[in-house]
Amino acid sequence: MPHDDARPLLAANWKMNPVVRADAVELARGVTPAALEYAEAVEVALFPPFCWLAPVAGALDGAAVGLGAQDCHWERSGAYTGEVSAAMLSGWCGWVIAGHSERRALFGETDEQVGRKAAAALEAGLRVIACVGEREDEMDAGRTEEVVRRQLGAVLAALPAAESHRVVIAYEPVWAIGTGRSAEPAQAGATMGVVRHGLEEAFGAEAAGRVRVLYGGSVNAANVTSYVELESCAGCLVGGASLKAAEFSTMIEAVARVAAR
Ligand code: PGA
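Conventions and cut-offs
Residues numbered from 1 in each chain as written. Predicted model: local features only at pLDDT ≥ 70, side-chain atom pairs only at ≥ 80, totals over all residues. Heavy atoms only, no water. Salt bridge = Lys/Arg side-chain N within 4 Å of Asp/Glu carboxyl O. Buried < 20%, exposed > 50% of the residue type's maximum accessible area, 1.4 Å probe, protein only. Helix = DSSP H or I, 4+ residues; strand = E, 2+ residues; numbered from the N terminus. Expected span 1.5 Å × (residues − 1). Contact = heavy atoms within 4.5 Å. Core = buried A, V, L, I, M, F, W, Y, C linked by side-chain atoms within 4.5 Å. Polar contact = N/O pair within 3.5 Å; in protein donor to acceptor, adjacent residues only side chain to side chain. Arc of directions from axis to C-beta.

Digging into the pattern of salt bridges
So, point 1. If you walk through the whole model with that rule in mind, you get 20 salt bridges.
So, point 2. K117 is the salt-bridge partner of E109, the closest N and O atoms lying 2.6 Å from each other.
So, point 3. Taking the relative accessible area as the measure of exposure, E109 reaches 8% and is therefore buried.
So, point 4. Residues R210 and E206 are paired through a salt bridge, measuring 2.9 Å at the closest nitrogen-oxygen approach.
So, point 5. Note on E206: relative accessible area 61%, which makes it exposed.
So, point 6. Through salt bridges with shared partners, a single network forms among D71, R103, E109 and K117.

Focus on helix α5 (residues 111-123)
So, point 1. The first and last C-alpha atoms of α5 sit 18 Å apart over 13 residues, in line with the 18 Å expected at 1.5 Å per residue.
So, point 2. Looking at the buried positions of α5, the neighbouring elements they touch are α3 (86-89), β4 (95-98), α4 (101-107), β5 (127-132), α7 (144-157) and β6 (167-171).
So, point 3. In the segment just after α5, G125 is the residue with positive phi, at about 90°.

A word on the nonpolar core
So, point 1. In terms of nonpolar packing, the biggest core is built from 75 residues, with L10, L46, V56, I169, L199, Y215 and F248 touching the most fellow members.
So, point 2. Setting aside its immediate chain neighbours within four residues, F248 contacts L10, A11, A12, V31, V44, L46, V238, A241 and S242.
So, point 3. In terms of nonpolar packing, the next biggest core, distinct from the first, is built from 12 residues, L9, W95, I129 and A170 among them.

Comments concerning the side chain of R127
So, point 1. Its place among the elements puts R127 in strand β5.
So, point 2. Within the local environment of R127, its side chain forms a polar contact with the side chain of E43, the two groups lying 2.5 Å apart.

Observations concerning α7
So, point 1. Its 14 residues give α7 an end-to-end C-alpha distance of 20 Å, which sits within 8% of 20 Å, the value for a rise of 1.5 Å per residue.
So, point 2. For α7, the complete set of buried residues consists of T144, V147, V148, Q151, L152, V155 and L156. The arc enclosing the buried residues of α7, seen along the axis, measures out at 150°, which places them on a common side.
So, point 3. Against the buried residues of α7 lie α4, α5, β5, α6 (136-140), β6 and α8 (185-203).

Next up, the structure:
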């Protein structure tokens, strides 16, 4: 088995949405039938805001859908007003995202902090999706590979290779996130190859083989197939399109079709 779970992963990053609790529950209920129908072929995980973790968990009761938080703090407890620790989350969900580009750009998260968050997540028994990706100016300057390698190196240095089966890396070019300007599959595939190479350097081939690498950035029902059919791509991290139950359900089905090939 190449990773913790050999199925491709479709992860729904809801960001700071929906505003109303009932809408969060409805969205979770809306994607559950497709997630259940294709559960053998696709792993689905939802990442709602912290305050909707409990209601969404209730809505998913018994369903084959994973649940995760969008961020965590690296300390277990302490004087960190407004923060939620990975240890606290472990009672509510099984996953956490670390180092999303919005956290890096809007809240000043550093590579080192992302590494500490990812390490805390593993320590707490969670699975982690660590995000990497270059900004548009970095891409224009031909620095994509350098930036991705640096971000990846910082996070992997904080993680034990023996826990690689609980690690997922999402390559999300910043210029593609929420812009409708998704990366060309070939271009995304090349950078995911860089990620794969970095994983092998850091963890060794065997442990690296257990890590799934995802693409994220304006993935939708119309283009998801073009990513998951890439050799280097083991799923997608989806923002905007995951807020529409019908579209996300179509995406689950599309990924299942590729997995069945
Ligand atoms: P998007 O967001 O699908 O809306 O581009 C992806 C993400 O931020 O993970």
